[in-house]
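What the coordinates show
Chain residues, written in single-letter form:
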Amino acid sequence: MLGLMQDWPLLIHKIIDHAGREHAHRPVISRSVEGEMHFTDYGTVRERALKVAKRLEKDGIRLGDRVATLAWNTWRHLETWYGITGIGAIYHTVNPRLFEDQIVYIMNHAEDRILLLDLTFVPLMEKLQDRLPTVERFVVLTDDAHMPETKLRNAVPYETWIGEVDSDFAWHSFDENTAAGMCYTSGTTGNPKGVLYSHRSNVIHAMTAALPDMLGVTSKDRVMPVVPLFHANGWSLAFSVPMTGASLVLPGPRLDGASVHEILETQKVTCTAAVPTVWLGLLAHLDKTGGTLTTLKRVVIGGSACPRAVTERFERQFGVEVLHAWGMTETSPLGTVCSITDDYAHLEGEALLDIKMKQGRTPFGVEMVIKDDADRLLPRDGKTFGRLKVRGPAISRAYFRGEGGNPLDAEGYFDTGDVATIDEFGYMQITDRAKDVIKSGGEWISSIDLENLAVGHPDVAEAAVIGVAHPKWDERPLLIIVPKAGKEPTKEDLLAFMQGKIAKWWMPDDVVLVPDLPHTATGKIQKMALRDRFKDYRLPTA
Ligand code: AMP
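Throughout, a residue's number is its position along its own chain's written sequence, starting from 1. Only residues with pLDDT of at least 70 get local features here, since the model is predicted, and only at 80 or more are side-chain atom pairs given and counted; chain-wide, interface and lining totals rely on the full set of residues. Side-chain measures were taken over the full set of non-hydrogen atoms in the model, leaving aside hydrogen atoms and water.

As a further point, take the sheet that holds strand S9 (residues 193-198). When DSSP locates at least two bridges between a pair of strands, those strands are taken to pair. Comment: elements are numbered from the N terminus, with helices defined as DSSP H or I runs of at least four residues and strands as E runs of at least two. Read from one edge of the open sheet, 7 strands run S7-S6-S5-S3-S4-S8-S9, paired in mixed fashion. Either end of the sheet is taken by a strand with one partner, and the two such strands are strand S7 (156-157) and S9. Of the strand pairs in this sheet, strand S3 (residues 66-70) and strand S5 (residues 114-117) are connected by 4 bridges, and their pairing is parallel. Bridge pairing links Thr-69 to Leu-116 in S5.

Below, the structure is given as structure tokens:
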């Protein structure tokens, strides 16, 4: 027997319809790429998204076609996502921080038909367009007055382009499992792989992301996603924020500490989100200027592990609650958020900070386990670590065009490639990437724990730990250090600093000093390159 409730497919345009109707006058504020501040509201964003949809159809875009964006967070970028998905086409966010060859690869792989790009990226695309045969037209996200001379194919300023139609348009209707968005993962090995979100996955994920123990967004908030829309589905904020009616503040291209501080204060932001690097920049700016944070209540930090000092300073010095979050492109992306439940509410000081270093708990819709190499479930004791696996309605089951084969195990869990513990109250803590973990005598050593410890030494700017071949133990840890300018810590110094803070058998077998470390386009340390460089390294213990 079927239930007798209405058939109301979970389609993305229902979010902007809701925001445009119930929160029509709530502000959407952006720093434009041209430089000025720009003020609009959800009602107008919806109207203009309808024009985008109508205009795309006029250009021949149909259900399932890919329309790429190469853009900062602004109201125009937001409108394009709703316009594209409103006719069943697919937004493909291109990450400008990828290497040029990777940009060419993913755009060809996706077969993008139109690219909507910011002024910033016109020179880059002029250079690459000959290698992008599927792109029929380049729409520059600006108005006629700011449109540069350009040789881009069929180039048109966005405002002129949408100005050719009115907003008298009805969203299309289709199955909620229809593809809506696409984002390539910047894997450290092989070519990037395309993650394909559906309308249903995005709507469900946005509802769970906004829950009180997740981001806790309400219509009273002013939320600023500093995390770019082109990174991991923009952490879903383009959907979860309008859904709640909270106002949006979009920082445009300027993500340095001073610019972020200025917009946080002038636009009275209450909640914001980005990777740790952004917050290190903001805190350094506040140190330099003696500035404060007068309206900010919550900051969501994820993408890589949040340093303890960042959490400590936000909470103790500025009274801003830190929500440490974990996720990946394949998980839409929020998998866990570290909000404090009753179980830990009694903690204070360092003990509370210890919990806040964890990546947190899953919402409804994310089933999370840790398993060993033989796929056996491991206990939730906060100590045992294993492969972190997840399943749910907003988690990938395959990559675009089947690249990389089947990523699921026999029970339908997606292997995140992370290694983690889960404690008795469900708090997960990442201890490593599976391929970076050091396997010593059949036991695992967390490279991240060792790195975090090493960067606590006053002379250390950056640290990486890799496993190096050892005749007896299989692998042993090698600590690689970039010292701070003018400092030259010795091996004995560093090891003495670490002594007693970790198990004896975790102590690195050797330490080397290097001038710098290799990084990926998204700023993560390239452990592969390091392992390659040190593959013949002979440890003194070998
Ligand atoms: P991406 O898909 O590029 O966002 O990368 C996802 C990966 O980033 C995850 O699998 C983790 O390895 C890492 N990551 C994301 N958030 C965190 C976090 N809070 N702490 C540690 N690692 C994280």
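Here the focus is the side chain of Asp-432. Looking at where Asp-432 falls in the secondary structure, it is placed in strand S19 (residues 428-433). The definition of a polar contact used here is a pair of N or O atoms within 3.5 Å, where within protein one atom must be able to donate a hydrogen and the other to accept one, and adjacent residues in sequence count solely through side-chain atom pairs. In terms of polar contacts, Asp-432 uses its side chain to reach the backbone amide nitrogen of Ser-447, at 2.6 Å. Residues in contact with Asp-432, not counting those within four places in the same chain, are Asp-418, Val-419, Val-437, Ile-445, Ser-446, Ser-447 and Ile-448. Here, residues are in contact when the closest pair of their heavy atoms is within 4.5 Å.

Summarising the element assignment, Thr-270 is placed in the loop between helix H9 (257-266) and strand S12 (271-274). At 2.7 Å, the side chain of Thr-270 forms a polar contact with the side chain of Asp-221. When neighbours within four sequence positions are excluded, Thr-270 is seen to be in contact with Asp-221, Arg-222, Thr-295, Leu-296, Lys-297 and Arg-298.

Moving on: the site of the ligand. Here a residue is considered near a molecule or strand provided that any single heavy atom belonging to it is located within 4 Å of it. The ligand sits among 14 residues. The nearest are Ala-325, Thr-329, Gln-359, Asp-418 and Arg-433. In this structure, a nitrogen atom belonging to the ligand sits 2.7 Å away from a main-chain N or O atom of Ala-325. At a separation of 2.6 Å, an oxygen atom of the ligand approaches a polar side-chain atom of Asp-418. For every accessible area listed, the method is Shrake-Rupley and the probe measures 1.4 Å; residues are considered covered only by the protein chains on display. Protein burial of the ligand: of its 490 Å² of free accessible surface, 90% is covered by the chains. The element that contributes the greatest number of residues to the shell around the ligand is strand S14 (residues 321-327), accounting for 4 residues. Residue polarity follows a fixed list, in which Ala, Val, Leu, Ile, Met, Phe, Trp, Tyr, Cys and Pro are nonpolar, Asp, Glu, Lys and Arg are charged, and the others, Gly among them, are polar. Considering only residue class, the shell around the ligand consists of 4 nonpolar, 7 polar and 3 charged.

Attention now moves to the pattern of salt bridges. Should a side-chain nitrogen of Lys or Arg be within 4 Å of a carboxyl oxygen of Asp or Glu, the pair is scored as a salt bridge. Enumeration according to the criterion identifies 40 salt bridges in this entry. Ionic pairing is found between Glu-159 and Arg-48, a salt bridge with its closest N-O pair at 2.8 Å. Residue Glu-159 is located in helix H6 (residues 158-163), and its partner Arg-48 is located in helix H2 (residues 42-58); the two are separated by 111 residues in the primary sequence. Three labels apply to residues, based on accessible area from a 1.4 Å probe with only protein chains included: buried if under 20% of the type maximum, exposed if over 50%, partly exposed otherwise in between. For Glu-159, a relative accessible area of 22% corresponds to the partly exposed category. Residue classification places Arg-48 among the buried residues on the basis of a relative accessible area of 16%. Between Asp-65 and Arg-113 there is a salt bridge; the shortest N-O distance is 2.7 Å. Of this pair, Asp-65 sits in the loop between H2 and S3 while Arg-113 sits in the loop between helix H4 (100-110) and S5, and the two are 48 residues apart along the sequence. Each member of the pair, Asp-65 together with Arg-113, is buried.

A cis amide bond links Ser-332 with the next residue in sequence, Pro-333, at an omega value of 10°. With respect to the helices and strands, Pro-333 occurs in the loop between S14 and strand S15 (334-338). Even without being glycine, Ala-232 reaches a positive phi, approximately 45°. Relative to the assigned elements, Ala-232 resides in the loop between strand S10 (222-225) and helix H8 (237-244).

With 81 residues, the main nonpolar core has Leu-56, Leu-116 and Trp-161 as its most contacted residues. The element contributing the most residues to this core is H2, with 7 residues. Leaving out residues up to four positions away in the same chain, Leu-56 has contacts with Ile-61, Val-67, Gly-83, Ile-84, Ile-87, Ile-114 and Trp-161. Take the buried residues of types Ala, Val, Leu, Ile, Met, Phe, Trp, Tyr and Cys, join any two whose side-chain atoms come within 4.5 Å, and each joined set is a nonpolar core.

The subject of this paragraph is the packing of H2 against helix H3 (residues 75-85). Axis definition: a line fitted to C-alpha atoms, limited for helices to the stretch in contact. Angles are taken between N-to-C directions and run from 0 to 180 degrees. Following both chains from N to C, one finds H2 and H3 inclined at 55°, their axes separated by 8 Å at the closest point. In this view, H2 runs oblique relative to H3, as classed from their interaxial angle. Here the hand of the crossing between H2 and H3 comes out right-handed. On H3, the residues touching Val-45, Arg-48, Ala-49, Val-52, Ala-53 and Leu-56 of H2 are Trp-75, Arg-76, Leu-78, Glu-79, Thr-80, Tyr-82, Gly-83 and Ile-84. Oblique is the label for any angle not under 35 degrees, not over 145, and not in the 65 to 115 range, which are roughly parallel, roughly antiparallel and roughly perpendicular in turn. Crossings are sorted by hand: turned counterclockwise from the far helix by less than a right angle, the near helix makes the crossing left-handed, and turned clockwise it makes it right-handed.

Time to look at the domain arrangement of the protein chain. By a widely used convention, the size of an interface equals the accessible area lost when the partners come together. Per the domain assignment, the segments of the protein chain are domain 1 (13-253) and domain 2 (438-533). What marks off one domain from the next here is an automatic or database domain assignment. Summarising the inter-unit geometry, the C-alpha centres of domain 1 and domain 2 are found 40 Å apart.

The way to describe two aromatic rings as a pair is by their centre distance and the angle between their planes. What counts as a ring pair is set by centres within 6.5 Å for rings of Phe, Tyr and Trp (its six-membered ring), and what kind of pair is set by the plane angle: stacked under 30 degrees, edge-to-face over 60, tilted for all other angles. Overall, the coordinates contain 14 aromatic pairs when judged by the stated rule. Ring centres of Tyr-158 and Trp-161 lie 6.2 Å apart, and the angle between their planes is 35°; this geometry places the pair in the tilted category. Placement of the pair is Tyr-158 and Trp-161 together in helix H6, with a separation of 3 residues, close to one helical turn. Here Trp-161 falls in the buried class, since its relative accessible area comes to 0%. Among the aromatic residues, those joined into a cluster by ring pairs are Trp-81, Tyr-82, Tyr-91 and Phe-239. Charges are assigned to positions over rings by a cutoff of 6 Å between ring centre and Lys NZ or Arg CZ, combined with an angular limit of 35 degrees from the ring normal. Above the face of the Trp-8 ring, Lys-14 is positioned so that its terminal group lies 4.7 Å from the ring centre. Positioned above the aromatic ring of Tyr-399, the side-chain terminus of Lys-193 is 5.0 Å from the ring centre.

Let us look at H9. For H9, the complete set of buried residues consists of Gly-257, Ser-259, Val-260, His-261, Ile-263 and Leu-264. Buried positions along H9 lie against strand S1 (27-31), strand S2 (37-41), S10, strand S11 (247-250), S12 and helix H10 (276-289). A positive backbone phi angle near 55° is found at Lys-268, which sits one or two residues after H9.

Once that is clear, we can look at the pairing of S1. Two faces, one strand: in a regular strand the side chains alternate between the faces of the sheet. Burial of S1 is extensive: 4 of the 5 residues sit out of reach of the surface. Across 5 bridges, the pairing between S1 and S2 is antiparallel. By the bridge assignment for S2, Pro-27 is matched with Asp-41. The antiparallel pairing of S1 with S2 creates a hairpin that spans 5 residues between the two strands, and Gly-35 there sits at a positive phi of about 125°. Pairing of S1 with S11, which is carried by 3 bridges, proceeds in the parallel orientation.

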